[in-house]
Amino acid sequence: MSVAFPGESAEYRAARDRLLEQEIELRQAIEAVAAARRLLPLGGEIPTDYVFQGRGADGAPGGLRLSQLFAPGKDSLVIYSMMFPRDPGDQRPGPEAEQTARLPLMEGPCPSCVAFLDQLDGAAEHASQQINLAVVAKTPLPRLLAFGEERGWRRLRLLSSAENTYNRDYHGETAEEHQRPMLNVFHRGDRAISHFWGSELFYAPTDPGEDPRHVGLLEPVWNLFDLTPEGRPSWDEQLSYSCCHH
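Described in the following lines is the structure provided in the data block. (Residues numbered from 1 in each chain as written. Predicted model: local features only at pLDDT ≥ 70, side-chain atom pairs only at ≥ 80, totals over all residues. Heavy atoms only, no water.)

As a further point, take the nonpolar core. The tendency in soluble globular proteins is for nonpolar side chains to be buried as a group. Counting residues in each nonpolar core, the largest one holds 27 residues, and the members touching the most others are Tyr80, Met82, Leu117, Trp153 and Leu156. Element by element, the count of residues in this core is highest for helix α2 (residues 111-127), at six residues. Here Met82 is in contact with Pro109, Cys113, Val114, Leu117, Val135, Val136, Ala137, Leu144, Phe147 and Trp153, once residues within four sequence places are set aside. Counting 16 residues, the second-largest nonpolar core is a separate cluster that includes Leu77, Ile79, Tyr166 and Phe186. (Core = buried A, V, L, I, M, F, W, Y, C linked by side-chain atoms within 4.5 Å. Buried < 20%, exposed > 50% of the residue type's maximum accessible area, 1.4 Å probe, protein only. Helix = DSSP H or I, 4+ residues; strand = E, 2+ residues; numbered from the N terminus. Contact = heavy atoms within 4.5 Å.)

Right, let's talk about unusual backbone geometry for a bit. A cis amide bond links Phe84 to the next residue, Pro85, at an omega of 20°. Among the secondary structure elements, Pro85 is positioned in the loop between β3 (76-82) and α2. Of note in the backbone geometry, Glu177 takes a positive phi value of approximately 70° without being a glycine. Tracing the sequence through the fold places Glu177 in the loop between α4 (166-169) and β6 (183-188). Note on Glu177: relative accessible area 55%, which makes it exposed. Look at Arg213: it is not a glycine, yet its phi comes out positive at around 55°.

In total, this model carries 15 aromatic pairs according to the counting rule given. Measuring from centroid to centroid gives 5.6 Å for Tyr50 and Tyr166, while their planes differ by 85°, and the two rings are edge-to-face. Of this pair, Tyr50 sits in the loop between α1 (10-38) and β1 (51-55) while Tyr166 sits in helix α4, and the two are 116 residues apart along the sequence. Three or more aromatic residues link up through ring pairs in this structure, and these residues are Tyr50, Phe52, Tyr166, Tyr170 and Phe186. (Phe/Tyr/Trp six-rings, centres within 6.5 Å; stacked < 30°, edge-to-face > 60°.)

As for its position among the elements, Gly216 is in the loop between β7 (193-198) and α5 (220-225). Gly216 gets classed as buried once you look at its relative accessible area, which sits at 12%. Spatially, the C-alpha atoms of Gly216 and Phe116 are 9.9 Å apart, while their sequence positions differ by 100 residues.

Below, the discussion takes up α2. For α2, spanning 17 residues, the distance from its first C-alpha to its last is 23 Å, which sits close to the expected 24 Å at 1.5 Å a residue. Its axis deflected by about 40° at Asp121, α2 carries its strongest bend there. Buried residues of α2: Pro111, Cys113, Val114, Ala115, Phe116, Leu117, Gln119, Leu120, Asp121 and Ala124, and no others. Looking at the buried residues of α2, the elements they touch are β3, β4 (132-137), α3 (141-151) and α5. (Expected span 1.5 Å × (residues − 1). Bend = angle between axes of the 7 residues up to and from the residue.)

Now for the environment of Glu173. Following the sequence through the fold, Glu173 ends up in the loop between α4 and β6. Note on Glu173: relative accessible area 9%, which makes it buried. Taking the C-alpha atoms as reference, Glu173 lies 34 Å from Glu230; in sequence the two are 57 residues apart. Ignoring anything within four residues of it in the chain, the contact list for Glu173 reads Lys138, Asn167, Arg168, His178, Gln179 and Arg180. A distance of 2.7 Å separates polar atoms of two side chains, one belonging to Glu173 and the other to Lys138. (Polar contact = N/O pair within 3.5 Å; in protein donor to acceptor, adjacent residues only side chain to side chain.)

Here the focus is a nonpolar patch on the surface. Taken together, the side chains of Leu26, Ile30, Leu217 and Leu218 present a nonpolar region at the surface, about 400 Å² in accessible area. Mapped onto the elements of the fold, Leu26 is located in helix α1. (Patch = residues over 30% accessible without salt bridge, like charges linked within 9 Å, V, L, I, M, F, W, Y side chains within 5 Å. Areas by Shrake-Rupley, 256 points an atom, 1.4 Å probe, with all protein chains shown as cover. Salt bridge = Lys/Arg side-chain N within 4 Å of Asp/Glu carboxyl O.)

It is worth spelling out the state of the cysteines at this point. Across all of its chains, the model carries zero disulfides by this definition. Take Cys110: it sits in no disulfide, and the sulfur closest to it among the cysteines is that of Cys113, at 3.9 Å. For Cys110, a relative accessible area of 5% corresponds to the buried category. Using a relative accessible area of 2% as the deciding quantity, one classes Cys113 as buried. (Disulfide = S-S within 2.5 Å.)

All right, on to the pattern of salt bridges then. Inspection of every chain in the model, using the stated rule, returns 16 salt bridges. Linking Glu23 and Arg16 is a salt bridge whose minimum nitrogen-to-oxygen distance equals 3.2 Å. For Glu23, a relative accessible area of 34% puts it in the partly exposed group. Between Arg151 and Asp118 there is a salt bridge, with its nearest N and O atoms 2.9 Å apart. Highlighted residues: Arg151 in helix α3 and Asp118 in helix α2, separated in sequence by 33 residues. Of the residues examined, Arg151 reaches a relative accessible area of 27% and is grouped as partly exposed.

No statement about biological role is implied by the geometric values presented.
Rendered as structure tokens:
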């Protein structure tokens, strides 16, 4: 390759070329894992056609079965389990205003889930051209919809799982009913809907100083940090920030 930037030293170019070899290897590894994922056999059939609470095609709230989340011609369904309510140990500040701010802190949304969904909302319009995408939370539907409006989410399909066992069955909830941020993929076949993949990396052991990164490839914010000399900060996402740096 003949890439060079203004003012760079020979030392920089040699180190950058070595890093580029690692980046190529990483790209190949990511594709190899994606190829292996695609070759997974289908998992178990869903135990029941879960009924969620959400807005129907007419905009009115009501029951929606999991099978109804599949649009014609789109046989993959991605469901993210949002932690709303948040983890009991999460003491980060809640919303500062509007309806959600009146909830007790522990009944409010997880800031990290919100940060992820802020990013996913932008991608949803593009992703929905090929797949079905939904976000479920254990909180009652009115709270979920109100917060979505407060947050400015315009493209995410928001569903309440307060009246079914989906979260618990698919590892988005612990035995103590604490919510967990699982992402699951389902596939619709000719005769049944089956589980295909889940972000089990969330439950896998981590190396010191790392978080699970179970949906890490989907998070622009953290990947942006990785491109800088400072790297990933020791920092938690917040629902709002006292100042903004541009």
